[in-house]
Amino acid sequence: SEKYLPFGELPFRALNSYARIIDLDGPSKWTDIETNTASTLSIRDSISIKPDGTSTGHSEHLFMGHKAITVRNKLDKIEKQYIASTLANPNEQTIVTSTEFYNKDLIEKPVSLEFELENTSQKINDLIYFNPFSFKFFESNPFKLTERTYPIDFGYKQSFIYSLVVSLPENHSVVELPEGKLAKLPDNAGSLYFVVQQVDEKTVNIQCRLSLHESSYPTQFYPYLKEFMGAVMDIQNSSYIVVKENI
């Protein structure tokens, strides 16, 4: 048993695709192991850009499923000042000024980490270049090999969601927005959705969702997963809202 394992869920170490059912009154048989739902990380940010290019804001990270179990176990072991660097993967320009966490012992609810943020200046000449992703889903593409000869087993289905509202400074306007993207793995085994929308003169909404619909992928999926994750890395590292002061 594990301290934070919800009723009816198997621990990660047991998620090896198959299990043997032992019937004392009959023959044993193999059965597939599938998690009930996808394990999800959902990030919700509200960011305000300042005229000097810096920004401040609030970020909430919700962990569900096996991701929540992992976070709960780590929260037992790390000090509060190390939560952001250990569990949230902030971008290089992001400074976390305060941290709170909720629902650690309420295993029927998502674990919530909340951060107050400051982002360092990203103003070049008269243009502000703002990367809206204060946090990264991944530090780097996990698929670096040219080819792979064995299956890719994540253990469970996964979803990563990033939603944010960006407020522009007074007397400023958008010059350029990141280009949206929609991608899918073969056989609908995964999807990537990235959309950027300016809802009014001062507000930009961004939605990014990465879904891996399978817990395990056969070897032939490796090049598709590598390219797929490469697109995710490009989005989180190279997306910029360009803003200028109105003259």
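Summary of the structure given here. The structure displayed is predicted, hence computed values, not measured ones. (Residues numbered from 1 in each chain as written. Predicted model: local features only at pLDDT ≥ 70, side-chain atom pairs only at ≥ 80, totals over all residues. Heavy atoms only, no water.)

### A few points about the environment of Leu 87
Reasoning step 1: For Leu 87, the location among the structural elements is in helix α2 (residues 83-88).
Reasoning step 2: With relative accessibility at 14%, the residue Leu 87 sits in the buried group.
Reasoning step 3: Between the C-alpha atom of Leu 87 and that of His 61, which follows or precedes it by 26 residues, the distance is 9.7 Å. (Helix = DSSP H or I, 4+ residues; strand = E, 2+ residues; numbered from the N terminus. Buried < 20%, exposed > 50% of the residue type's maximum accessible area, 1.4 Å probe, protein only.)

### A look at the sheet that holds strand β8 (residues 127-130)
Reasoning step 1: Overall, antiparallel pairing links the 4 strands, which are arranged β7-β8-β16-β11 in an open sheet. With one partner strand each, in any of the chains shown, β7 (123-124) and β11 (172-176) form the two edges of the open sheet. (Pairing = 2+ DSSP bridges.)

### Observations concerning the sheet that holds strand β10 (residues 158-167)
Reasoning step 1: Here 8 strands make up an open sheet; going across it, the order is β5-β6-β4-β3-β10-β14-β13-β12 and the pairing mixed. With one partner strand each, in any of the chains shown, β5 (94-102) and β12 (181-184) form the two edges of the open sheet. With direction set aside, neighbouring strand axes in the sheet form an average angle of 10 degrees.
Reasoning step 2: Bridge count for β12 against strand β13 (residues 190-200) is 4 bridges, and the pairing is antiparallel. Within β13, the position partnered with Lys 181 by the bridge is Phe 194. (Axes fitted to C-alpha atoms, helices over the stretch in contact; angles between N-to-C directions.)

### Quick word on the packing of aromatic side chains
Reasoning step 1: Counted under the stated rule, the structure contains 11 aromatic pairs.
Reasoning step 2: Measuring from centroid to centroid gives 6.0 Å for Phe 154 and Tyr 217, while their planes differ by 85 degrees, and the two rings are edge-to-face. Residue Phe 154 is found in the loop between β9 (152-153) and β10, and its partner Tyr 217 is found in strand β15 (residues 216-217); the two are separated by 63 residues along the sequence.
Reasoning step 3: For Tyr 217, a relative accessible area of 1% puts it in the buried group. (Phe/Tyr/Trp six-rings, centres within 6.5 Å; stacked < 30°, edge-to-face > 60°.)

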